[in-house]
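Commentary on secondary and tertiary structure
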Amino acid sequence: WWNTFWNRSWILVEGDKPESGIPNSKHPLRLGVDSTGASRFAGTLTGAVAEARVLKAEAIAKLAAARPEAATPLTEISLTNGFTVAAWIKPAPGEQGRIFDKITAGGSDGFLLDTHPGLSLRLIVGPDETAVRDCLKPGAWQHVAATVNATTGVRQLFLNGRLLKTEGGSN
């Protein structure tokens, strides 16, 4: 009787899950700074691109082949189907600043692309991190890009139009 009594109904509680597997924070998409105004990119950023879709490697190579242009105002992007962010950067010596940021500083409710630790490329998406250490050159223009596929979970980092690293998904 007790077993039947205690097992007659259940309420299962789970936390909110993002529809796409990519947390979509309520923060706006920022360039060169984090959600608190810190982690400023000390070098120069220009030609920023944010797409609400995953660009193919060929399209990223085309962006990297073009000359850096004046800063582009960023528009808010949906992360539901994945995304691509890209920019021309000229890092300062010892650079450790944000390139793109849509996350609570220190949290896991969105994504960021930065140069931490010093002159590295790091992409954080929710709790997942993809990084390539010591790949950037201070004082030189470089094209950086990151893609995240919401369906497969694949994260990719590009430098000067070349794929540096792929992680996540079933790779």
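Scroll up to find the structure.
Computed from a prediction, not measured in an experiment: that's the story for all the values here. Within every chain, residues take consecutive numbers counted from 1 along the sequence as written. Local features in a predicted model are, by the rule used here, given only for residues with pLDDT of at least 70; side-chain atom pairs are given and counted only at 80 or more, and totals for whole chains, interfaces and linings are based on all residues. Excluded from the side-chain calculations are hydrogens and water; all other atoms, namely the structure's heavy atoms, are used.

A word on the sheet that holds strand β7 (residues 128-132). For two strands to be treated as a pair, DSSP must find at least two bridges joining them. In this text, helices come from DSSP runs of H or I with a minimum length of four residues, and strands from runs of E with a minimum of two, each type numbered from the N-terminal end. Strand order in the open sheet formed by five strands is β1-β4-β5-β6-β7, with antiparallel pairing between adjacent strands. Only two strands of the sheet have a single neighbouring strand rather than two, namely β1 (30-31) and β7. As paired strands, strand β5 (residues 111-114) and strand β6 (residues 121-125) are joined by four bridges and run antiparallel to one another. Note on β6: the bridge partner recorded for D114 is R122.

This brings us to the side chain of R30. Position of R30 relative to the elements: it lies in strand β1. Beyond its immediate stretch of four places on either side in the chain, R30 contacts S35, L74, I99, F100, D101, K102 and I103. Here a residue-residue contact requires only that any non-hydrogen atoms of the pair lie within 4.5 Å.

A word on the packing of aromatic side chains. Stacked, tilted and edge-to-face are the three classes applied to pairs of Phe, Tyr and Trp rings, where Trp contributes its six-membered ring and a pair requires centres within 6.5 Å; stacked means planes under 30 degrees apart, edge-to-face means over 60, and tilted covers the rest. Under the criterion given, the structure shown has one aromatic pair. Relative to F111, the ring of F83 has its centre 4.2 Å away and its plane inclined at 35°; by these criteria the two rings are tilted. Placement of the pair is F83 in strand β3 (residues 83-90) and F111 in strand β5, with a sequence separation of 28 residues. Just as F83 is buried, F111 falls in that class too. When accessible area is computed with a 1.4 Å probe and restricted to protein chains, residues below 20% of their type maximum are described as buried, those above 50% as exposed, and intermediate ones as partly exposed.

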